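Listed here are the chains, written in short residue letters.
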Amino acid sequence: MNRRPSAAALFTGAALLGTAGGWLLARRHDRSHRHDLFSSRIYQRFAALGWIEREGDLENVPLLRDYLAWEPAPALRQRARRVIAVLAAEQ
């Protein structure tokens, strides 16, 4: 009796491992961006706003208000206002 796994089982296992690994790397990447809200790089500020929108709570609203006063880019100020609205609606 042959006990070697089938090609379908190997493919499924590899796909699951790849998905889990990708998810873990994405979470790590997101966590690294939460500290970049006041970065000099616009992409890092954009990523930080996305992280706060997904993971933040009402405690982040005062920080976002400070950010609105500091942010020079109109598009990011608009996004920050939207994030504040989303966080306020979740309470």
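As a reminder, the structure under discussion sits directly above these lines.
A brief structural summary. (Residues numbered from 1 in each chain as written. Predicted model: local features only at pLDDT ≥ 70, side-chain atom pairs only at ≥ 80, totals over all residues. Heavy atoms only, no water.)

1. A short note on the nonpolar core
Note that soluble globular proteins tend to have their nonpolar side chains buried in a common cluster.
Then comes step 1: Ranked by internal contacts, the top residues of the largest apolar core, which has 15 residues, are L37, L49, I52, L64, Y67 and L87.
Then comes step 2: Listing elements by their share of this core, those giving two or more residues are α2 (42–55), α3 (61–70) and α4 (74–89).
Then comes step 3: Element by element, the count of residues in this core is highest for α4, at five residues.
Then comes step 4: Once residues within four sequence positions are removed from consideration, L64 is found in contact with L37, L49, I52, V83, I84 and L87. (Core = buried A, V, L, I, M, F, W, Y, C linked by side-chain atoms within 4.5 Å. Buried < 20%, exposed > 50% of the residue type's maximum accessible area, 1.4 Å probe, protein only. Helix = DSSP H or I, 4+ residues; strand = E, 2+ residues; numbered from the N terminus. Contact = heavy atoms within 4.5 Å.)

2. Examining the packing of aromatic side chains
Then comes step 1: Applying the stated rule across the entire model yields three aromatic pairs.
Then comes step 2: Aromatic side chains F38 and Y67 sit 5.8 Å apart centroid to centroid with 75 degrees between the ring planes, which places their arrangement in the edge-to-face category. Remark: Y67 occurs in helix α3 and F38 occurs in the loop between α1 (7–33) and α2; sequence separation between them is 29 residues.
Then comes step 3: Take Y67: its relative accessible area is 0%, and that puts it in the buried class.
Then comes step 4: With a centroid separation of 6.0 Å and an interplanar angle of 40 degrees, the aromatic rings of Y67 and W70 are classed as tilted. Here Y67 and its partner W70 are both found in helix α3, three residues apart, which amounts to about one turn of the helix.
Then comes step 5: One aromatic cluster is present, formed by F38, Y67 and W70 through successive ring pairs. (Phe/Tyr/Trp six-rings, centres within 6.5 Å; stacked < 30°, edge-to-face > 60°.)

3. Quick look at the pattern of salt bridges
Then comes step 1: Per the counting criterion, the structure on display carries three salt bridges.
Then comes step 2: Where R45 meets E71, a salt bridge forms, and the shortest distance between an N and an O atom there is 2.8 Å. Of this pair, R45 sits in helix α2 while E71 is found in the loop between α3 and α4, placing the two residues 26 residues apart along the sequence.
Then comes step 3: When its relative accessible area of 6% is taken as the criterion, R45 is described as buried.
Then comes step 4: For R82, the salt bridge goes to E53, with nearest N and O atoms at 3.4 Å. Here E53 lies in helix α2 and R82 lies in helix α4, a separation of 29 residues in the sequence.
Then comes step 5: Given the relative accessible area of 42%, R82 is considered partly exposed.
Then comes step 6: Here the salt bridges do not stand alone but share partners, grouping E53, R79 and R82 into one network. (Salt bridge = Lys/Arg side-chain N within 4 Å of Asp/Glu carboxyl O.)

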